[in-house]
Amino acid sequence: MDQYEHSVQLDPKKCTGCTTCLHHCPTEAIRIREGHAVINQDRCIDCGECIRKCPHNAKRAVAGKLESLQRFRYKVALPAPSLYGQFNNMDDVDYILDGLIKIGFDEVFEVAKAAELVSAYTRRYMQAEGIPKPLISSACPVILRLISLMYPSLEDHVLHMLPPIEVAADLARKKVKKEHPEFRDEEVGICFISPCPAKVSYVRNNFGSYKSKVDEVVAISDIYFRLLDVMKPENQVQTISDTGMTGIEWAGSGGEATAILNEDYLAADGIENVNKVLEEIENGNISHVKFVELNACPGGCVGGVLTVQNPFIAKARLRSVSRCLPMAANFADPDEEYIPEDFLFDEMPSYVPVSRLSPNFRESMRMMAEIQRIRDTLPGIDCGACGAPTCRAHAEDAVRAGLRTVTCPFADSFGGSRK
Amino acid sequence: MSEPLVFHFEVDVSDFTSAGTASVTVKKNLRQLGLPSDVIRKLSIAMYEGEINMVIHAEGGTADVIVTEEYIDIILKDHGPGIPDVDLAMQEGYSTATAQIHSLGFGAGMGLPNMKRYSDEMKIDTELGVGTTVTMRIWIR
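Just so we're clear, the structure is a prediction, and the values are computed from it rather than from any experiment.

A. Region of the structure containing the state of the cysteines. This structure, assessed with the given rule, holds zero disulfides over all chains. Between Cys391(A), a free cysteine, and Cys408(A), which holds the nearest cysteine sulfur, the sulfur-to-sulfur gap is 6.2 Å.

B. Just the pairing of strand S4 (residues 121–127) of chain B, in detail. All names here are of chain B. Two strands pair when backbone bridges link them, and S4 and strand S5 (residues 131–139) are joined in this way by seven bridges, in the antiparallel orientation. Counted as the bridge partner of Lys123 is Thr135 from S5. Connecting the antiparallel pair S4 and S5 is a turn made up of three residues, with Gly129 showing a positive phi of about 80 degrees.

C. Expanded view of the interface of chain A and chain B. At the junction of the two partners, chain A supplies 25 residues and chain B supplies 25 residues. Taken together, the two surfaces of chain A and chain B that pack against each other cover about 2100 Å², and 51% of this comes from carbon and sulfur. For chain A, the biggest contributors to the area lost against chain B are Asn283(A), Phe361(A) and Met365(A); these three give 32% of the whole. Linking chain A with chain B are four salt bridges, by the criterion used here.

D. Examining helix H13 (residues 361–375) of chain A more closely. Taking 1.5 Å per residue, 15 residues should reach 21 Å; H13(A) reaches 21 Å between its end C-alpha atoms and fits that length. Within H13(A), the full set of buried residues consists of Phe361(A), Ser364(A), Met365(A), Met367(A), Met368(A), Glu370(A), Ile371(A), Gln372(A) and Ile374(A). Considering only its buried residues, H13(A) is in contact with helix H14 (391–400) of chain A together with strand S1 (5–11), helix H1 (21–33) and strand S2 (61–67) of chain B. By the N-cap criterion, in which a side-chain oxygen at the helix start approaches the backbone nitrogen of a residue two or three places on, H13(A) is capped by Asn360(A), the distance to Arg362(A) being 2.8 Å.

E. Inspection of the domain arrangement of chain A at higher detail. Residues and elements named next belong to chain A. The assigned domain composition of chain A is domain 1 (1–62), domain 2 (66–343) and domain 3 (357–419). Computed from C-alpha coordinates alone, the two centres of domain 1 and domain 2 are separated by 26 Å. Counting residues at the interface gives 22 residues for domain 1 and 20 residues for domain 2. Both faces combined, the contact of domain 1 with domain 2 buries some 1600 Å², and carbon together with sulfur accounts for 58% of it. The largest per-residue losses of area from domain 1 upon contact with domain 2 belong to Tyr4, Ile45 and Arg52, which jointly make up 35% of the total buried on that side. Here domain 1 and domain 2 share zero salt bridges between them. Between the two partners, domain 1 and domain 2, sit seven residue pairs in polar contact (both at pLDDT 80 or more).

F. Representation of the layout of surface pockets in the model. Residues and elements named next belong to chain B. There is about 1000 Å³ of room inside the second largest pocket. Lining of the second largest pocket is provided by 49 residues; of these, Asn53, Ile56, His57, Gly111 and Leu112 occupy positions nearest its centre. For the lining of the second largest pocket, the secondary structure elements donating two or more residues are helix H2 (37–58), strand S3 (71–78), helix H3 (86–89), helix H5 (111–118) and S5. Tallying contributions element by element places H2 first for the lining of the second largest pocket, with eleven residues. Of the residues contributing to the lining of the second largest pocket, the split by class is 25 nonpolar, 18 polar and six charged.

G. Just the nonpolar core, in detail. Formed by 95 residues in total, the largest nonpolar core has its most connected members in Val76(A), Leu78(A), Ile147(A), Met161(A), Leu278(A) and Leu294(A). It is helix H4 (residues 111–125) of chain A that contributes the most residues to this core, eight residues altogether. Residue-level mapping places this core at the junction of two domains, with at least three residues from each of domain 1 (1–62) and domain 2 (66–343) of chain A. Discounting residues that sit within four places of it in the chain, Val76(A) has contacts with Phe105(A), Glu107(A), Phe109(A), Ala172(A), Val176(A), Val188(A), Gly189(A), Ile190(A) and Cys191(A). Counting residues in each nonpolar core, the second largest holds 47 residues, with Leu30(B), Leu35(B), Met54(B) and Leu76(B) among its members.

H. Highlighting a nonpolar patch on the surface. Together, Ile381(A), Phe410(A) and Phe414(A) make up an exposed nonpolar region whose accessible area comes to about 240 Å². Within the secondary structure, Phe410(A) sits in the segment after H14.

I. Seen up close, the sheet that holds strand S6 (residues 107–108) of chain A. Residues and elements named next belong to chain A. In spatial order, the strands read S6-S5-S8-S9; together these four strands make up an open sheet with parallel pairing. Each end of this open sheet is capped by a strand with a single partner; those strands are S6 and strand S9 (216–219). Sheet analysis places strand S8 (residues 188–194) next to S9, joined by four bridges and oriented parallel. Opposite Cys191, over in S9, you have Glu216 as the bridge partner. In the packing of helix H8 (residues 220–230) onto the sheet, the strands contacted are S8 and S9, and the crossing angle to S9 comes to about 65 degrees.

Conventions and cut-offs
- Residues numbered from 1 in each chain as written.
- Chains lettered and ligands numbered in written order.
- Predicted model: local features only at pLDDT ≥ 70, side-chain atom pairs only at ≥ 80, totals over all residues.
- Heavy atoms only, no water.
- Disulfide = S-S within 2.5 Å.
- Pairing = 2+ DSSP bridges.
- Helix = DSSP H or I, 4+ residues; strand = E, 2+ residues; numbered from the N terminus.
- Contact = heavy atoms within 4.5 Å.
- Buried area = accessible area lost by both parts, 1.4 Å probe.
- Salt bridge = Lys/Arg side-chain N within 4 Å of Asp/Glu carboxyl O.
- Expected span 1.5 Å × (residues − 1).
- Buried < 20%, exposed > 50% of the residue type's maximum accessible area, 1.4 Å probe, protein only.
- Polar contact = N/O pair within 3.5 Å; in protein donor to acceptor, adjacent residues only side chain to side chain.
- Domains from an automatic or database assignment.
- 1 Å grid on protein atoms, 1.4 Å probe; cavity = no way out; pocket = protein on both sides within 12 Å on 5 of 7 lines; lining within 4 Å.
- Points joined across faces, edges and corners; volume = space filled by probe spheres on them.
- Nonpolar A, V, L, I, M, F, W, Y, C, P; charged D, E, K, R; others polar.
- Core = buried A, V, L, I, M, F, W, Y, C linked by side-chain atoms within 4.5 Å.
- Patch = residues over 30% accessible without salt bridge, like charges linked within 9 Å, V, L, I, M, F, W, Y side chains within 5 Å.
- Areas by Shrake-Rupley, 256 points an atom, 1.4 Å probe, with all protein chains shown as cover.
- Axes fitted to C-alpha atoms, helices over the stretch in contact; angles between N-to-C directions.

Spelled out as structure tokens, the structure:
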């Protein structure tokens, strides 16, 4: 089985065993067992919904620590564009980038810069013959994992372009190699400043056959106050930022899609909405749309659980940051015929049938019939008191465990059966 | 031979935008059975189109999906107006949907043609003023 290392973790001391996360997990990966939540690692997609919804702050995302970068001699920060929306009264990105240098980085390479290049090459990608309609963005790692677990038939629709974080890591590494040949590869540390736990997991686990070039992922929320301490209005800052409006607006839902410069697009955010759109694509229902941008977090990356600011406020602030910038500052190489190999990945991770009942079809049929039989004995109120998110899931858990009957805290009050 | 599995759904007309929920549930169940994704895809499109048709033309109905080891049958039964000319209805682009339905992005006249395309066998029993039953079969192997 897939040994996927997740960043979403639970603090059993804080968890009261309430059923909030249970009901919000989009892949039904959570059960309440012995008074607290347990996450099924095979099903978790690192979307962060449980972190967002937990009323007791018992769920958290474990990211890297800034201190761990001490092992590198030359440290490069890759700030996600969502970082730019976190600060009040901020209309100049250079103050933020300068802040990153002040807290210990030797160099900054903006992910927004890479995002503009990804957009430029995506436009080229979409001109090719025979590309599937609609094309699904590959930028959100939660969406890619969701597709590989739940929507195998849509794998061909995924844009085979590396996400901006990887393109940025690759370009940053090449830049350092050229400008500072005195450092060996392993002495250069590339650190992504992340709005979301899924990027943490993605970097740790790699993606299909593609190995991430990022060395460490640090949460925006983890460095936020350190940055505030050093970012002073009286600072004399250098011009470091080299991105336009397009790159910065990738941080909000719709930013990537608008950069395609094609009006036949759709952008959906929030995992529930994303699931509905994926269902529609599977039904062949939106084949007139050319490009689909999907973000697991509400509002896009600014809605990531490792950010500090409310996503809508962050999005409004991004506008004030990018207002006086050109559309884009980074462009595809006009001499290149197609797309540089460094921007592409070969294969999606192989489909893992996590929901399959049994490898044997006849046995699966028997189990399904049994699930239906048991479900019909339950009240159907999906209360979660048994520890499973729905009565159907409770019946399924029992059948998977080889049980013939289930206990239900409310069986008596509902007469034991809904039929 | 094991007993066939039956999934039964009431296709409700009350909320037009929720049409298609039965095919989503069936899709999840079929994934749990471990069926190949091309079979699941064919079935979910055929069933989705059928569901939408029932909502547009017949104020809903029932949908039964019967899974055996060899094939899957979808039986869509409604008590709508019936189809006056089945051959005409099977033509791509032919539609009797109202302007209101068109404005919602449906009624392209591809419902029945798509159901035929995505199923391996399709049979239509219809009687004017009584209703329509569409039976589609998709072979697993």
